[in-house]
Amino acid sequence: MQRFDRKTAIPLLFTLLLLAAPLGVLADGGSCTENDQCGADEFCSRLFGECGNPGKCEARPTDCLEHGHPIVKPMCGCDGKTYDNVCLAALDGASIDHEGPCVTPAP
């Protein structure tokens with residue numbers, strides 16, 4: 001059985017950590033694919049336009065007003081619903097697919 005001293009163990013551990021991080025082995029808040037994988041006051045937040053990729057559990061906003069007024073900048077959520085702004089989408093637990101309203105396909 002091979003023994004590792006401090007000189008060899010630390011670089012080995014560092015290398016293993018570097019290899020494990022891109023594979024998703026390290027949980028930095030946890031990756032998710034659905035809201036039910038997050039806490040009660042969180043949602044699975046994905047990067048803008050990355051609806052099919054895993055996200056990260058983030059806190060849902062509690063207030064979507066700016067200077068006491070709602071901001072209206074329509075956004076299409078990953079759930080196919082149009083929201084008045086990014087904050088309201090997050091409040092509903094949706095990430096953003098793209099700017100502008102969602103387009104429903106013609107029948």
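Definitions and limits used
Residues numbered from 1 in each chain as written. Predicted model: local features only at pLDDT ≥ 70, side-chain atom pairs only at ≥ 80, totals over all residues. Heavy atoms only, no water. Salt bridge = Lys/Arg side-chain N within 4 Å of Asp/Glu carboxyl O. Helix = DSSP H or I, 4+ residues; strand = E, 2+ residues; numbered from the N terminus. Buried < 20%, exposed > 50% of the residue type's maximum accessible area, 1.4 Å probe, protein only. Pairing = 2+ DSSP bridges. pLDDT = per-residue confidence, 0-100. Contact = heavy atoms within 4.5 Å. Core = buried A, V, L, I, M, F, W, Y, C linked by side-chain atoms within 4.5 Å. Disulfide = S-S within 2.5 Å. Polar contact = N/O pair within 3.5 Å; in protein donor to acceptor, adjacent residues only side chain to side chain.

Q: Please provide a residue-by-residue account of the pattern of salt bridges, values included.
A: Tallied over the entire structure, the rule returns 2 salt bridges. Residues Glu99 and Lys73 are paired through a salt bridge, measuring 3.8 Å at the closest nitrogen-oxygen approach. With Glu99 in strand β8 (residues 96–99) and Lys73 in the loop between β5 (69–70) and β6 (75–77), this residue pair connects regions lying 26 residues apart in the sequence. One salt bridge in this structure joins Asp92 and Lys81, with 4.0 Å as the shortest N-O distance. You can see Asp92 sitting in the loop between α2 (86–91) and β8 and its partner Lys81 sitting in the loop between β6 and β7 (82–83), a full 11 residues away along the chain. The exposure class of Asp92 is partly exposed, given its relative accessible area of 41%. Classification of Lys81 as partly exposed rests on a relative accessible area of 46%.

Q: Lay out the sheet that holds β8 with the relevant residues and their values.
A: Judged by pairing direction, the sheet is antiparallel, and its 3 strands sit side by side in the order β7-β6-β8 without closing on themselves. Sheet topology places β7 and β8 at the edges, where each strand pairs with a single neighbour. Summarising the sheet, β6 and β7 pair through 2 bridges and their orientation is antiparallel. Within β7, the residue paired with Met75 across the bridge is Tyr83.

Q: Requested: an account of the confidence of the model for the protein, with residues and values cited.
A: Model confidence for the protein is summarised by a mean pLDDT of 81, while 72% of its residues fall at 70 or above. Segment residues 12–28 is flagged for pLDDT under 50; beyond a separation of four residues in sequence, or across chains, it makes 6 contacts in the model.

Q: Give a detailed account of the nonpolar core, specifying residues and quantitative values.
A: One finds Met75, Tyr83, Ala89, Ala94 and Ile96 forming the largest nonpolar core, which totals 5 residues. Leave out the neighbours within four places in its chain, and Tyr83 touches Lys73, Pro74, Met75, Gly77, Leu88, Ala89, Asp92 and Ala94.

Q: Talk me through the state of the cysteines; I want residue IDs and the actual numbers.
A: Within this structure, the stated rule accounts for 5 disulfides. Between the sulfur atoms of Cys38 and its disulfide mate Cys57 the distance is 2.2 Å. On the sign convention where negative is left-handed, the bridge of Cys38 and Cys57, at about -80 degrees about the S-S bond, is left-handed. Of the two residues, Cys38 sits in the loop between β1 (31–32) and β2 (42–45) while Cys57 sits in strand β3 (residues 55–59), which places them 19 residues apart along the sequence. Each disulfide pairs two cysteine sulfurs, and for Cys76 the partner residue is Cys102, the sulfurs being separated by 2.0 Å.

Q: Describe the side chain of Ser95, listing the residues and the values that go with them.
A: If you trace the backbone, Ser95 turns up in the loop between α2 and β8. Here Arg46 takes part through its backbone nitrogen, which lies 2.8 Å from a polar atom of the side chain of Ser95. Ignoring any residue separated from it by four or fewer positions in sequence, one finds Ser95 in contact with Phe43, Cys44, Ser45, Arg46, Cys76, Gly77 and Cys78.

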